[in-house]
Amino acid sequence: MKFRPLHDRVVVRRIEADQKTAGGIIIPDTAKEKPQEGEVVAVGPGARDEAGKVNALDVKAGDRVLFGKWSGTEVKVNGEDLLIMKESDIMGVLEGAKSEKKKAA
């Protein structure tokens, strides 16, 4: 099953944080906070203005974004936990995040 969001909604997959601190201490699941960083999986076509014109979204699939701690609605699609949120809930796009990940690998 494929999911396509409507209007100005965005589907985001949370990116899990490291399991250890910088000092090597392992963080148990009960003490972890939900990550506020994610990857955009799918975007809607955009919101309509008063004239009926569709305004395209600024984010696209594959972008790494930061969002608020309580943003979005959690859903399960094909057994995967995802978030559906409005584009306005996204605080910003992390530029160059993909290239940093490749350098570390």
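The structure displayed is predicted, hence computed values, not measured ones.

*Asks:* Mind showing me how you'd approach the pattern of salt bridges here?
*Replies:* Oppositely charged side chains may form a pair once their charged atoms are brought near each other. According to the stated counting rule, one finds seven salt bridges in the structure shown. Between Asp8 and Lys86 there is a salt bridge, and its shortest N-O distance comes to 3.6 Å. Pair noted here: Asp8 is in the segment before β1 (9-14) and Lys86 is in strand β7 (residues 80-86), with a separation of 78 residues, a long-range link. Where Asp63 meets Lys60, a salt bridge forms, and the shortest distance between an N and an O atom there is 3.2 Å. When its relative accessible area of 10% is taken as the criterion, Asp63 is described as buried. Through salt bridges with shared partners, a single network forms among Arg13, Glu39 and Glu80.

*Asks:* Is there a simple way to explain unusual backbone geometry in this structure?
*Replies:* Apart from glycine, the bulk of residues carry a negative phi angle, and the bulk of peptide bonds sit in the trans form. Positive phi, close to 50 degrees, is recorded for His7, a residue that is not glycine. Here His7 shows up in the segment before β1. Under the relative-accessibility criterion, His7 is labelled partly exposed at 44%. Of note in the backbone geometry, Asn78 takes a positive phi value of approximately 55 degrees without being a glycine.

*Asks:* Can you walk me through the sheet that holds strand β5 (residues 64-67) in this structure?
*Replies:* Hydrogen bonds along the backbone pair up the strands of a sheet, which may run parallel or antiparallel. The strand order β6-β7-β1-β2-β5-β8 describes an open sheet built from six strands, whose pairing is antiparallel. The outermost strands of the open sheet, each flanked by one partner alone, are β6 (73-77) and β8 (90-93). Mean inter-strand twist for the sheet, computed between neighbouring axes without regard to direction, equals 45 degrees. Across four bridges, the pairing between β1 and β7 is antiparallel. Bridge pairing in β7 links Val11 to Ile84.

The rules behind each value
- Residues numbered from 1 in each chain as written.
- Predicted model: local features only at pLDDT ≥ 70, side-chain atom pairs only at ≥ 80, totals over all residues.
- Heavy atoms only, no water.
- Salt bridge = Lys/Arg side-chain N within 4 Å of Asp/Glu carboxyl O.
- Helix = DSSP H or I, 4+ residues; strand = E, 2+ residues; numbered from the N terminus.
- Buried < 20%, exposed > 50% of the residue type's maximum accessible area, 1.4 Å probe, protein only.
- Pairing = 2+ DSSP bridges.
- Axes fitted to C-alpha atoms, helices over the stretch in contact; angles between N-to-C directions.

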